[in-house]
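Summary of the model geometry
Here's the letter readout for the chains.
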Amino acid sequence: MTKAIINAIIFDFDHFYNPGYVLFSDTIIKVGPMDTFSASAADEIIEGRNHLVMPSLVVGHTHIYSAFARGWANPETFETFPEILKKQWWKLDASHTLPSLYASGIVSAVDHVKNGVTTLIDHNASGTIEGALETLKKAVVDDVGLRAMFAFETSDRFNVDTCIKENTAFIETNQNEKTSGHFGLHASFTLSEDTLKKVRRNLNGAPIHIHVAEGKEDEEHCVKNHGERVVERLARHELLTPDSLIVHALFVNEKERALIKKHRAVVALNPGSNMNNGVGFPDFKALKNQAIPVIAGNDGLSMGITQEYLNLFFGSHLHTHDPQGFDMTDLQKVIDDTYAYASRRLNIKLGRFKKGYKADLLMHPYVPPTPMDKTNALGHLVFGLFSSFKPSDVFIDGHFIVHHYKVSDKTNRLYQNASKEAQKCWKRLEEGRVNLEFENNL
Ligand SMILES: [Zn+2]
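Residues numbered from 1 in each chain as written. Predicted model: local features only at pLDDT ≥ 70, side-chain atom pairs only at ≥ 80, totals over all residues. Heavy atoms only, no water.

**Overview of the nonpolar core**
The biggest cluster of nonpolar side chains holds 105 residues, and the ones touching the most others in it are Leu 52, Val 140, Phe 150, Val 212, Leu 234, Ile 246 and Leu 381. Leave out the neighbours within four places in its chain, and Ile 246 touches Ile 210, Val 212, Leu 234, Leu 240, Ile 260, Ala 265, Val 266, Val 267 and Ala 268. Listed in part, the 14 residues of the second largest apolar core include Val 22, Phe 24, Ile 46 and Phe 353. (Core = buried A, V, L, I, M, F, W, Y, C linked by side-chain atoms within 4.5 Å. Buried < 20%, exposed > 50% of the residue type's maximum accessible area, 1.4 Å probe, protein only. Contact = heavy atoms within 4.5 Å.)

And the structure:
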């Protein structure tokens, strides 16, 4: 079954046709200007007039478990980043059971895909550990239809052996075009030497997914307790496998960046979350200067990624006091690195309209009010569309997941059920049925 979207503005961050068409089945077959289109090539024709058609998007780091934070009236106050973790996120994640994780997965997948995201990289923590990743996969991948990668945040807060088993079991049984696993680690300051040694013994070459230097306290804790910096510690334990995801990296120094580069790891930036937590802002230039691939995530703060592109764009200008401290070529590089990373991990091709690439794409209503061509199309996205990005139609493997702004009735019913699970989660929080015994000298 082949589909063709015709008479549209086609932009894949490289090629531009207006009016153009894209012909696809589960992968892209052909793309080009309308005067080269032959209607006989398509089983189904979709009118794309007054729409922009582009590849759908990837979120490089998120926390599905935080979906139920929305509207939760947490009575706590916090002054430092460790306090935000202890009094907010560690409470919320500990309250999760498998049914509430499943419901969070449905909410996150539906909200993301309605915002044009079709691939998620998740970092999970939950009171119930065993089966957590398969439960999330069932919701996000099997039932809503997205691509997603999962990891459990191994941490001394939890039973470490169970965390390790949860990661290894998922990694071993899930490596295909729709899903794969990372070995999840929370952050250096919640991982003892014994835990890291155990992780090393069970890693088997898998990429790790870990928060690094999100707050300055992570580095301070590491220097004080281990006499070295966080990335040095990970390297000493031989945990920096290729494609490892180093999340945030706000306070890493030059030597740590060199280690990240040497071990072919990738940095995931989440500037909106950093601003919200008041911890600082990533030094994109320093990462760029070392030629470290940088991808963008939302840290669970939003259910999209275009807002994060804007946060990175505007925030970097403020951070560097330079209105050109992050430009369109930088943004293009982040978007390209994100597609390249997801493509490698799932062993597919994402992010371009070229023969053989996956037909993961979206249609967004757009009538350019000024001339638009290949040279300024990204500018149209940044200043015209990314601040309120709502595609009308989203496809994965060439199938509609969002059609005229709606998901399927079946998915919608699952979504409407989620609020009941959120209420149960909040009840567990209110009744204090959450184990918060973990303390360390932060
Ligand atoms: Zn995170």
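**Some words on the coordination of the zinc ion**
Surrounding the zinc ion are the protein donor atoms His 61 (NE2), His 63 (NE2), His 211 (NE2) and Asp 299 (OD), at 2.0 to 2.2 Å. Coordination at the zinc ion is irregular, judged from the 4 donor atoms that bind it and the angles of 91 to 161° they form at the metal. (Donors = N, O, S within 2.8 Å, 3.2 Å for Na, K, Ca; no water. Tetrahedral: all angles 85-135°; square planar, octahedral: opposite > 155°, others 65-115°.)

**Section: the packing of aromatic side chains**
Scanning the entire structure with this criterion turns up 14 aromatic pairs. Here Phe 13 and Tyr 339 contribute two aromatic rings whose centre-to-centre distance is 6.0 Å and whose plane-to-plane angle is 55°, an arrangement assigned as tilted. One end of the pair, Phe 13, is in the loop between strand E1 (3-11) and strand E2 (16-24); the other, Tyr 339, is in helix H12 (residues 328-346), with 326 residues separating them in the sequence. Take Phe 13 and Tyr 339: they sit in the same class, and that class is buried. Taking the centre distance of 5.4 Å and the plane angle of 75° together, the rings of Phe 24 and Phe 395 count as edge-to-face. With Phe 24 in strand E2 and Phe 395 in strand E16 (residues 393-396), this residue pair connects regions lying 371 residues apart in the sequence. Judged by its relative accessible area of 0%, Phe 24 falls in the buried class. Of the residues examined, Phe 395 reaches a relative accessible area of 0% and is grouped as buried. Linked through ring pairs, Phe 284, Phe 313, Phe 314, Phe 326 and Phe 383 together constitute an aromatic cluster. (Phe/Tyr/Trp six-rings, centres within 6.5 Å; stacked < 30°, edge-to-face > 60°. Helix = DSSP H or I, 4+ residues; strand = E, 2+ residues; numbered from the N terminus.)

**Remarks on the pattern of salt bridges**
Considering all chains together, one arrives at 28 salt bridges under this definition. Taking the shortest distance from any N to any O, the salt bridge between Asp 143 and Lys 138 comes out at 2.9 Å. Residue Lys 138 is classed as partly exposed on the basis of its relative accessible area, which comes to 41%. Look at the salt bridges and you will find they share partners, linking Arg 147, Glu 177, Lys 358, Asp 360 and Asp 397 into a network. (Salt bridge = Lys/Arg side-chain N within 4 Å of Asp/Glu carboxyl O.)

**Concerning the pairing of strand E8 (residues 147-150)**
Residues Arg 147 and Met 149 point to one face of E8 and Ala 148 and Phe 150 to the other, with burial holding for every one of them. Relative to E8, strand E7 (residues 117-122) runs parallel, the two being bridged by 3 bridges. Residue pairing in the sheet places Ile 121 in a bridge with Met 149 of E8. Following the backbone out of E7, through helix H3 (residues 132-144) and into the adjacent parallel E8, one traces a crossover that is right-handed. Pairing of E8 with strand E9 (residues 179-181) involves 3 bridges; the strand directions are parallel. Paired with Ala 148 across the bridge in E9 is Thr 179. (Pairing = 2+ DSSP bridges. Right-handed = clockwise from strand over helix to strand, strands pointing away.)

**Some thoughts on the packing of helix H2 (residues 98-114) against H3**
Contact geometry of H2 with H3 gives a least axis separation of 8 Å together with a crossing angle of 35°. The two elements H2 and H3 cross, and the hand of that crossing is right-handed. Every residue of H3 that contacts H2 at Leu 98, Leu 101, Tyr 102, Gly 105, Ile 106, Ala 109 and Val 110 is listed here: Ala 132, Thr 135, Leu 136, Lys 138, Ala 139, Val 140, Asp 143 and Val 144. When the residues that make up the contact of H2 with H3 are grouped by side-chain class, the tally is 11 nonpolar, 2 polar and 2 charged. (Axes fitted to C-alpha atoms, helices over the stretch in contact; angles between N-to-C directions. Left-handed = near helix turned anticlockwise from the far one by under 90°. Nonpolar A, V, L, I, M, F, W, Y, C, P; charged D, E, K, R; others polar.)

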